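Fold and contact review
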Amino acid sequence: MSENLRAGDLMDGWRDEVGEAGLPFTHLTVPAISGQWYDGRVTENGYPTSIQRDGTPPGVLTLDIKNTRITERFTVTGGDTSKQMSLGLNTPAYRQWYEENLEKERGTVPALDDPLAVSRQGLAEDTWLTTNFWMGSTGSAVEVSIDRQDPVAAERTQKMAGERPLSGAEYSDPAAIAEQFVHGGGFAEKTSHLWRLELPDDLSVGAHTATVTATDVHGRSFTEELDFTVIG
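These remarks concern the structure in this document. (Residues numbered from 1 in each chain as written. Predicted model: local features only at pLDDT ≥ 70, side-chain atom pairs only at ≥ 80, totals over all residues. Heavy atoms only, no water.)

Let's shift gears to the overall build of the protein. When you go through the protein residue by residue, the secondary structure sums to 4 helices and 13 strands. Along the three orthogonal principal directions, the C-alpha set of the protein runs to about 55 × 40 × 35 Å. Put simply, the protein has 232 residues, and 47% of those count as buried. Surface exposure of the protein reaches about 11500 Å², of which carbon and sulfur atoms provide 49%. Mean positive and mean negative side-chain charge positions of the protein (19 and 36 charges, respectively) differ by 5 Å. (Helix = DSSP H or I, 4+ residues; strand = E, 2+ residues; numbered from the N terminus. Buried < 20%, exposed > 50% of the residue type's maximum accessible area, 1.4 Å probe, protein only. Areas by Shrake-Rupley, 256 points an atom, 1.4 Å probe, with all protein chains shown as cover. Lys, Arg positive; Asp, Glu negative; His and termini not counted. Charge placed at Lys NZ, Arg CZ, Asp CG, Glu CD.)

Applying the stated rule across the entire model yields 9 salt bridges. Across the pair Glu72 and Arg6 runs a salt bridge whose closest N-O atoms are separated by 3.5 Å. Linking Glu72 in strand E4 (residues 69-76) with Arg6 in the loop between strand E1 (3-5) and helix H1 (15-18), this pair joins segments that are 66 residues apart in sequence. The pair Glu72 / Arg6 is uniform in exposure class, with both members buried. Linking Arg220 and Asp216 is a salt bridge whose minimum nitrogen-to-oxygen distance equals 2.7 Å. For Arg220, a relative accessible area of 27% translates into the label partly exposed. (Salt bridge = Lys/Arg side-chain N within 4 Å of Asp/Glu carboxyl O.)

Next up on the list: the pairing of strand E3 (residues 59-66). Where E3 lies against E4, 8 bridges are found, and the strand directions are antiparallel. Its bridge partner lying in E4, Val60 is registered against Thr75. Once E3 ends, the chain turns through 2 residues before running back antiparallel as E4, passing Asn67 with a positive phi of about 55 degrees. (Pairing = 2+ DSSP bridges.)

This brings us to the sheet that holds strand E7 (residues 128-133). One open sheet accounts for 4 strands, arranged E5-E7-E11-E10; its pairing is antiparallel. Strands at the two margins of the open sheet, each flanked by one partner only, are strand E5 (85-90) and strand E10 (155-156).

Residues other than glycine seldom take positive phi values, yet Ser50 does so here, at roughly 50 degrees. With respect to the helices and strands, the residue Ser50 is situated in the loop between strand E2 (27-29) and E3. Given a relative accessible area of 0%, Ser50 falls into the buried group. One non-glycine residue, Asn67, lies in the positive phi region at around 55 degrees. One can find Asn67 in the loop between E3 and E4.

What follows is about the sheet that holds strand E6 (residues 117-119). Pairing within the open sheet is mixed, and its 5 strands lie in the order E6-E13-E12-E8-E9. Bordering the open sheet on either side are E6 and strand E9 (152-153), each of which pairs with just one other strand.

Before going further, it helps to spend a moment on the nonpolar core. Judged by nonpolar contacts, the single largest core of 22 residues is most densely connected at Leu129, Val142, Val144, Leu199, Leu203, Val212 and Phe228. Within the residue set of this core, elements represented by two or more residues are E5, E7, strand E8 (141-146), strand E11 (194-198), strand E12 (206-215) and strand E13 (221-231). Here this core gets 4 residues from one element, more than from any other, and that element is E13. Those residues in contact with Leu129 that lie beyond four places of it in its chain are Gly88, Leu89, Val144, Trp195, Arg196, Leu197, Leu199, Ala210, Val212 and Leu226. Among the nonpolar cores identified, the runner-up in size contains 12 residues, and Tyr94, Trp97, Tyr98 and Phe181 belong to it. (Core = buried A, V, L, I, M, F, W, Y, C linked by side-chain atoms within 4.5 Å. Contact = heavy atoms within 4.5 Å.)

Turning next to a nonpolar patch on the surface. A surface patch of nonpolar side chains, amounting to about 290 Å² of accessible area, comprises Leu63, Ile65 and Ile70. Taking the relative accessible area as the measure of exposure, Ile65 reaches 59% and is therefore exposed. (Patch = residues over 30% accessible without salt bridge, like charges linked within 9 Å, V, L, I, M, F, W, Y side chains within 5 Å.)

Applying the stated rule across the entire model yields 9 aromatic pairs. When the centroid spacing of 6.2 Å and the interplanar angle of 35 degrees are considered together, the rings of Phe181 and Phe187 count as tilted. Among the residues examined, Phe181 registers a relative accessible area of 1% and is labelled buried. These aromatic residues form a ring-pair network of at least three members: Tyr94, Trp97, Tyr98, Phe181 and Phe187. Sitting over the face of the ring of Trp128, Arg196 holds its NZ or CZ atom 3.8 Å from the ring centroid. (Phe/Tyr/Trp six-rings, centres within 6.5 Å; stacked < 30°, edge-to-face > 60°. Lys NZ or Arg CZ within 6 Å of the ring centre and 35° of its normal.)

Here it is as structure tokens:
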């Protein structure tokens, strides 16, 4: 799994070790080159998806060190440093599919129909656009622009402010879960680096595009787009 914990981060159960002030320094849990034990399907470039239990793909973390400044840099196996996030939709249909297949062996579950589609009723019942910013941390920010409108700040699900770990369908990474349930891998039901934005309930029926910009604690920004559909 991957964790980019910064000074001051605190979770329920840590107080006996670090006190109320939280972590005294940055703590990195580095993703594995093998990911989740080389599990999952093999992609066109010859590498397995092997998504880990926080939704991070396999890869390498590089530390660029200059004097006392240390900057982490993640490279997806078989990719480059431009790919830093996965996007998805957490819809009522997704959450129902998640619960129905939770106890089944991963790698045996039938795929969710139209994972990037949401009904008008689904918008009214809470649908979030999710961003798993793999090396995101306290001090990072995620903004979403829908159909080229003004960007809106997404909310980090795990605040790292002394709360308990949040898990389950509402706090999962739909993109990772869709891969893991169907093809195998970890179980990305919780993560410290997931952001989500509730989609407006008045979106029109038809195609839409979300432009997501994630900015890390070092000020580097990465942008990706997600096309999704609202159906009647």
